[in-house]
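These are the residues of each chain, in order.
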Amino acid sequence: MLVRGEKWLTLNQGDEYIRVSGLVRPQDIKPDNTIESTRLADARITYSGTGATADVNVMGWLSRFFISALMPF
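As the structure is a computational prediction, the values presented were derived from the model and not from experiment.

*Asks:* Would you take a moment to explain the pairing of strand 1 (residues 2-11) for this structure?
*Replies:* On any regular strand, side chains alternate: one points to one face of the sheet, the next to the other face. Pairing analysis gives 10 bridges linking strand 1 to strand 2 (residues 14-23), with the strands arranged antiparallel. Among the inter-strand pairings, Leu9 is bridged to a residue of strand 2, identified as Glu16. Taken together, strand 1 and the strand that follows it, strand 2, pair antiparallel across an intervening segment of two residues.

*Asks:* Please explain the pattern of salt bridges as it appears in this structure.
*Replies:* One side chain can pair with another of opposite charge once the charged atoms of both are near each other. Scanning the model with the defined rule gives three salt bridges in all. Where Asp28 meets Arg25, a salt bridge forms, and the shortest distance between an N and an O atom there is 3.0 Å.

*Asks:* Quick question: what am I supposed to make of a nonpolar patch on the surface here?
*Replies:* Taken together, Met59, Trp61, Leu62, Phe65, Phe66 and Ile67 make up a surface patch of nonpolar side chains, about 690 Å² in accessible area. Mapped onto the elements of the fold, Trp61 is located in helix 2 (residues 61-66).

*Asks:* Teacher, can you tell me more about the side chain of Asp28 here?
*Replies:* Mapped onto the fold, Asp28 is located in the loop between strand 2 and strand 3 (41-51). Residue Asp28 is classed as buried on the basis of its relative accessible area of 14%. Setting aside chain neighbours within four positions, we find Asp28 in contact with Thr34, Ile35 and Arg39.

*Asks:* Whenever I open this one, unusual backbone geometry confuses me. Can you help?
*Replies:* Note: most residues except glycine have negative phi, and most peptide bonds are trans. Within the chain, Asn33 stands out as a residue other than glycine whose phi angle is a positive 65°. Positionally, Asn33 belongs in the loop between strand 2 and strand 3. Positioned with a positive phi, Asp42 is a non-glycine residue whose angle comes to about 50°. With respect to the helices and strands, Asp42 occurs in strand 3.

*Asks:* Looking at this structure, how should I read the packing of aromatic side chains?
*Replies:* Aromatic ring pairs: the centre-centre distance and the angle between the two ring planes describe each pair. Counting across every chain of the model gives one aromatic pair. Seen in terms of ring centroids, Trp8 and Tyr17 are 4.7 Å apart; in terms of plane orientation they differ by 45°. Their pairing is tilted. In this structure Trp8 comes out as partly exposed when scored by relative accessible area, which is 42%. On the accessibility criterion, Tyr17 (13% relative accessible area) is buried.

Thresholds applied
- Counting restarts for each chain, with residues numbered from 1 along the sequence as it is written.
- In keeping with the predicted nature of the model, local features appear solely for residues at pLDDT of at least 70, side-chain atom pairs appear and are counted solely at 80 or more, and the whole-chain, interface and lining totals rest on all residues.
- To get the side-chain values, all heavy atoms of the structure are used, and hydrogens and water are removed first.
- Strand pairing requires that DSSP identify at least two bridges connecting the strands.
- What counts as a helix is a DSSP run of H or I of at least four residues, what counts as a strand is a run of E of at least two, and both are numbered from the N terminus.
- Whenever a carboxyl oxygen of Asp or Glu lies within 4 Å of a side-chain nitrogen of Lys or Arg, that contact is scored as a salt bridge.
- Patch rule: a residue counts if its relative accessible area is over 30% and it has no salt bridge; like charges are joined within 9 Å, and nonpolar side chains (Val, Leu, Ile, Met, Phe, Trp, Tyr) within 5 Å.
- Where accessible areas are quoted, they stem from the Shrake-Rupley method and a 1.4 Å probe; at the residue level, only the protein chains shown are allowed to cover.
- Accessible area is worked out with a 1.4 Å probe on protein chains only. A residue is then buried under 20% of its type maximum, exposed over 50%, and partly exposed in between.
- Note on contacts: a residue pair qualifies if any of its non-hydrogen atoms lie within 4.5 Å across the two residues.
- Pairs were defined over the aromatic rings of Phe, Tyr and Trp, the Trp ring being its six-membered one, requiring ring centres within 6.5 Å. Orientation was assigned from the angle between planes: stacked under 30 degrees, edge-to-face over 60, tilted for the rest.

Following this line, the structure appears as structure tokens:
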């Protein structure tokens, strides 16, 4: 079975989220409809956000130029 979940957090500087997806076997699901993280196969975990905190992590145009193929040295 393919499962996917997402949680959004609203903070002072913007919104952040974490997404988890992967494959689980039906027999690994507990009676309270939970599963241990060690039972998630092909797990994909994404952590990102919006707002001022996320904008700080974006590389500037000058830095992108110096690591591009256009830079001769």
